[in-house]
Amino acid sequence: MSKRRVLIIATTFPRWKGDREPRFILDFAKSLLPYADVTVLVPSSPGSLDREVMEGVNIERFHYFPIHERETLTAPGALVSRIKQDKKRGLLLPFFYNAFVNEIKKRIGTFDILHANWVIPGGYIAYKALKMTNVPYVITCHGSDINSMNNLVFRDMKKKALSNAWGVTAVSSELMDNTCKIYNNGNNAVISMGVDVNQFGEQHRRENYFKQNGRKVALFVGRLTEVKGAAYAIEAMQYVPDTRLVITGDGELRKELKSLAAELKNKLRDINSDVVFAGAKAHDELKTMYASADAFIMPSVTAKSGQKEGFGLVLIEAAGSKLPIVASNSGGIPTLIKDGENGLLVEERDARGISEALKKIFNDSDLRDKLKENAYNTALEYDYSVIGRKYAEFMRLI
C-alpha cells in the first residue's frame, strides 16, 4: 500500500543548510518519512531556494511579495517579533496571507492531509484554503499561538480554525487545556515536538570551549523575548560566584539585556562572574555548547500578553546532552521537568531561586549526577523515533 501524502505548513523553518533559524519543523518532517510522503511548504526568504531536498525532506517555498528582497516577514526570528522590530513589516501581512492560502489551494490533489503549525497563522490559513473541500487538516498548537493574541478578532479566527480541523494536537497538557477553553475539537492529543537525541551528548564536549578558564558555565538558549525570561538569569548571576553565563540567541530584547548585564558588570567582577552574549547559533554549534557547559537555565515567564512557554524543546536538547537543568515552573515546562528528579524548578521571576539552584548543582556532585542521568532518560522519551510514530498514529498514517 502506498504511503499517504502529508503537506506540512509552517512559518519558522531553516532558510538554508546551517541556518540559525529553529529546525524543529524540519526534524518533525523527517520523523514522518517512514510513514508518509512528506512535503513542507514555507514562505520564502531572501537567499533561500524555491525548491530543495533538505535532509531527505521535500521543501517548497512560496513568494508573497513582488520584490523578493522584501520578503522578510518570517526570518530571522518569529513572525510576531519581526513585526515588533519593524512595524512596517506588518504591511506585508495581506500579501503573505493571500499567497499562503493560494499556494495551498494550488496543491489540492497532491496531498491527503495537511499538518498546520500554530493555530495562528497556520491553522487559520489551512481553514481558509480547505474549507470548501473535504481535505482534512490537523493543527499543532505550540504555545504563543494559544496563550497570546486573544482579542475578539483573533479568538474568532482560532475558533474557526480549531472547529473545522480534523484533529488538534498541543505540545503540553497545560497548552491543550488552554486550547480547549477556546474550542474543544474533540479529536485531541497531547504530543510534543521532539529532538534527535543521537545528535546530542557528552561526546561533543570541548574543554574550556567558552574560555571560562576554570569557572563554571551556565547556558541559556532561546529567543531574546519577554517570555524567555533571560533577564532573570542575568540578575541571578550577581549571587553565583566563579561562573560565566552564556546567553545564546537573538531577539527584540537584546539591547535591553546587554544594558542590564552592563549595569551588573562591577558586581559580577567582584565575585569573578560575568555575562557574555553569543548571538544565535546553528544546530551544529549548539550541540557543542550544550555538552561543554555545566548547567542549563530556562527562566521562562508569563508575558504581559499572557504568552507562556509552550513546551521548550531546548530543554530536551540540554537533557539529551546530560546537562543539569534549572527551569521555571511556568507554562508547559513542568510537563517535562520534575523538581529534584530530572532538574530543578524555581518560580517565575525568581533570580535568587535560580542562583540557589545553580549553586546546588555546582556544589553537590551526587545531585548533579542524578539530574543528568534522569534528564537523559527523559530525553529518550522525546526522541523523534518515538514522537514521529505518535503523530503518525494520530494522523492515521499507519
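Refer to the structure presented above.
A short tour of the structure in this document, coming up. (Residues numbered from 1 in each chain as written. Predicted model: local features only at pLDDT ≥ 70, side-chain atom pairs only at ≥ 80, totals over all residues. Heavy atoms only, no water.)

### Observations concerning the overall build of the chain
Rules: Secondary structure elements are taken from DSSP: a helix is a run of H or I of four residues or more, a strand is a run of E of two residues or more, and numbering for both begins at the N terminus. Taken over C-alpha atoms, the radius of gyration is set against a globule rule of 2.2 Å times the number of residues to the power 0.38. We call two residues in contact whenever any of their non-hydrogen atoms come within 4.5 Å of each other. Methods summary: accessible areas were calculated by the Shrake-Rupley approach with a probe of 1.4 Å, and residue burial reflects only the protein chains presented. We score Asp and Glu as negative and Lys and Arg as positive, and we do not count His or the chain ends. We put the charge of a Lys on NZ, of an Arg on CZ, of an Asp on CG and of a Glu on CD.
What the chain contains, in helices and strands, is 16 helices and 14 strands. Taken against the 2.2 N^0.38 rule, which gives 21 Å for 398 residues, the C-alpha radius of gyration of the chain at 21 Å falls within 12% of a compact globule. The long-range fraction of contacts in the chain, counting pairs at least 24 apart against all pairs at least 6 apart in sequence, stands at 70%. Here the chain has roughly 17,000 Å² of accessible surface; of this, 48% comes from carbon and sulfur atoms. Put simply, the chain has 56 plus and 47 minus side-chain charges, and the middle of one group is 5 Å from the middle of the other.

### Description of helix 16 (residues 384–394)
Just so we agree on the cut-off: Relative accessible area decides the class of each residue, using a 1.4 Å probe on protein chains only: under 20% of the type maximum gives buried, over 50% gives exposed, and in between gives partly exposed. The reported arc concerns the directions from the helix axis to the C-beta atoms and nothing else.
Those residues of helix 16 lying buried are Tyr384, Ile387, Gly388, Tyr391, Ala392 and Phe394. Projection of helix 16 onto a plane perpendicular to its axis shows the buried side chains occupying an angular sector of 165 degrees, all on one side. Close packing links the buried residues of helix 16 with helix 1 (24–32), strand 5 (113–117), strand 6 (137–141), strand 7 (167–170), strand 8 (188–190) and helix 15 (365–381).

### Thoughts on the packing of aromatic side chains
We count it as follows: In summary, the pairing rule links any two rings of Phe, Tyr or Trp, Trp by its six-membered ring, whose centres are within 6.5 Å, and it sorts them by plane angle into stacked for under 30 degrees, edge-to-face for over 60 and tilted for everything else. Either the NZ atom of lysine or the CZ atom of arginine qualifies as a charge over a ring when it sits within 6 Å of the ring centre and within 35 degrees of the ring normal.
Overall, the coordinates contain 15 aromatic pairs when judged by the stated rule. Linked through ring pairs, Phe62, Tyr64, Phe96 and Phe100 together constitute an aromatic cluster. The aromatic ring of tyrosine 376 is capped on one face by lysine 322, whose charged end is 5.0 Å from the ring centroid.

### Regarding the layout of surface pockets
Here is the rule we go by: Only protein atoms enter the 1 Å grid used here, on which a cavity is any set of points holding a 1.4 Å probe that cannot leave and a pocket is any open set flanked by protein within 12 Å on both sides along at least five of seven lines; residues with an atom within 4 Å of a point are listed as lining. Grid points are joined across faces, edges and corners, and a volume is the space filled by probe spheres set on the points. Under the grouping applied here, Gly and all other residues not named as nonpolar or charged are polar, the nonpolar ones being Ala, Val, Leu, Ile, Met, Phe, Trp, Tyr, Cys and Pro and the charged ones Asp, Glu, Lys and Arg.
Its boundaries defined by the atoms lining it, the second largest pocket holds a volume of some 210 Å³. Around the second largest pocket, the lining comprises 14 residues; the ones closest to its centre are Glu226, Ala231, Tyr232, Leu253 and Glu256. Breaking the lining of the second largest pocket down by element, the ones donating at least two residues are helix 8 (230–236) and helix 9 (254–263). Counting residues per element, the lining of the second largest pocket draws most heavily on helix 8, at 4 residues. The residue inventory of the lining of the second largest pocket, partitioned by class, reads 7 nonpolar, 2 polar and 5 charged.

### Considering unusual backbone geometry
Cis geometry marks the peptide bond from alanine 75 to proline 76, where omega comes out at -5 degrees. Here proline 76 is to be found in the loop between strand 4 (57–62) and helix 2 (79–85). The omega angle of the peptide bond from isoleucine 120 to proline 121 is 5 degrees, so this bond is cis rather than trans. If you check the backbone angles, asparagine 208 has positive phi at about 55 degrees while not being a glycine. Tracing the backbone through its elements, the reader meets asparagine 208 in the loop between strand 8 and strand 9 (216–221).

### Some remarks on the nonpolar core
Selection rule: In these notes, a set of buried Ala, Val, Leu, Ile, Met, Phe, Trp, Tyr and Cys residues joined through side-chain atoms within 4.5 Å is what counts as a nonpolar core.
Within the largest apolar cluster, 103 residues are counted, with the highest numbers of intra-cluster contacts made by Ile104, Leu114, Tyr290 and Phe296. Among the elements that make up this core, the one with the highest residue count is helix 4 (residues 118–130) (9 residues). In contact with tyrosine 290, other than residues within four places in its own chain, are Phe200, Leu219, Val221, Phe296, Val314, Glu317, Ala318, Ser321 and Leu323. Formed by 32 residues, the second largest nonpolar core is a distinct cluster that contains Val240, Leu245, Ile297 and Phe362.

### A word on the environment of valine 217
With respect to the element layout, valine 217 can be found in strand 9. Classification of valine 217 by relative accessible area gives buried; the value is 0%. If sequence neighbours within four positions are ignored, valine 217 has contacts with Phe210, Gln212, Arg244, Val246, Ala293, Asp294 and Ala295.

### Observations concerning the sheet that holds strand 6
Counted only if it meets this: Only when DSSP finds a minimum of two bridges between them are two strands counted as paired. Every angle, taken between N-to-C directions, lies between 0 and 180 degrees, and every axis is a line fitted to C-alpha atoms, over only the stretch in contact when it is a helix.
The mixed open sheet is built from 8 strands, whose spatial order is 3-4-2-1-5-6-7-8. The open sheet is flanked by strand 3 (51–54) and strand 8, the only strands paired with a single partner. Neighbouring strand axes in the sheet, compared pairwise and without regard to direction, differ in orientation by 25 degrees on average. In the sheet, strand 1 (residues 4–9) pairs with strand 5 via 4 bridges, with the strands oriented parallel. Bridge pairing links leucine 7 to leucine 114 in strand 5.

### Remarks on the side chain of threonine 248
Tracing the chain through its elements places threonine 248 in strand 10 (residues 243–248). Ignoring any residue separated from it by four or fewer positions in sequence, one finds threonine 248 in contact with Leu219, Phe220, Val221, Gly222, Ala278, Gly279, Lys281, Leu286 and Met289.

### So, empty space enclosed by the protein
Overall, the coordinates contain 1 cavity of 30 Å³ or more when judged by the stated rule. Counted as a void, the largest cavity has a volume near 60 Å³. As for the largest cavity, its lining consists of Thr11, Phe13, Pro14, Arg15, Val42, Pro43, Ser44, Ser45, Ser48, Arg61, Thr74 and Ala75.

### A closer look at the pairing of strand 6
The condition that has to hold: Crossover handedness is defined here as right-handed if the route from the first strand over the helix to the second strand goes clockwise, with the strands pointing away from the viewer.
Extensive coverage of strand 6 is indicated by the burial of 5 of its 5 residues. Residue alternation in strand 6 divides its side chains into two sets, Tyr137, Ile139 and Cys141 and Val138 and Thr140, and both sets are buried. Handedness of the crossover joining strand 5 and strand 6 through helix 4: right-handed. When strand 6 meets strand 7, the two strands line up parallel, connected through 4 bridges. Bridge assignment links threonine 140 to a residue of strand 7, and that residue is threonine 169.

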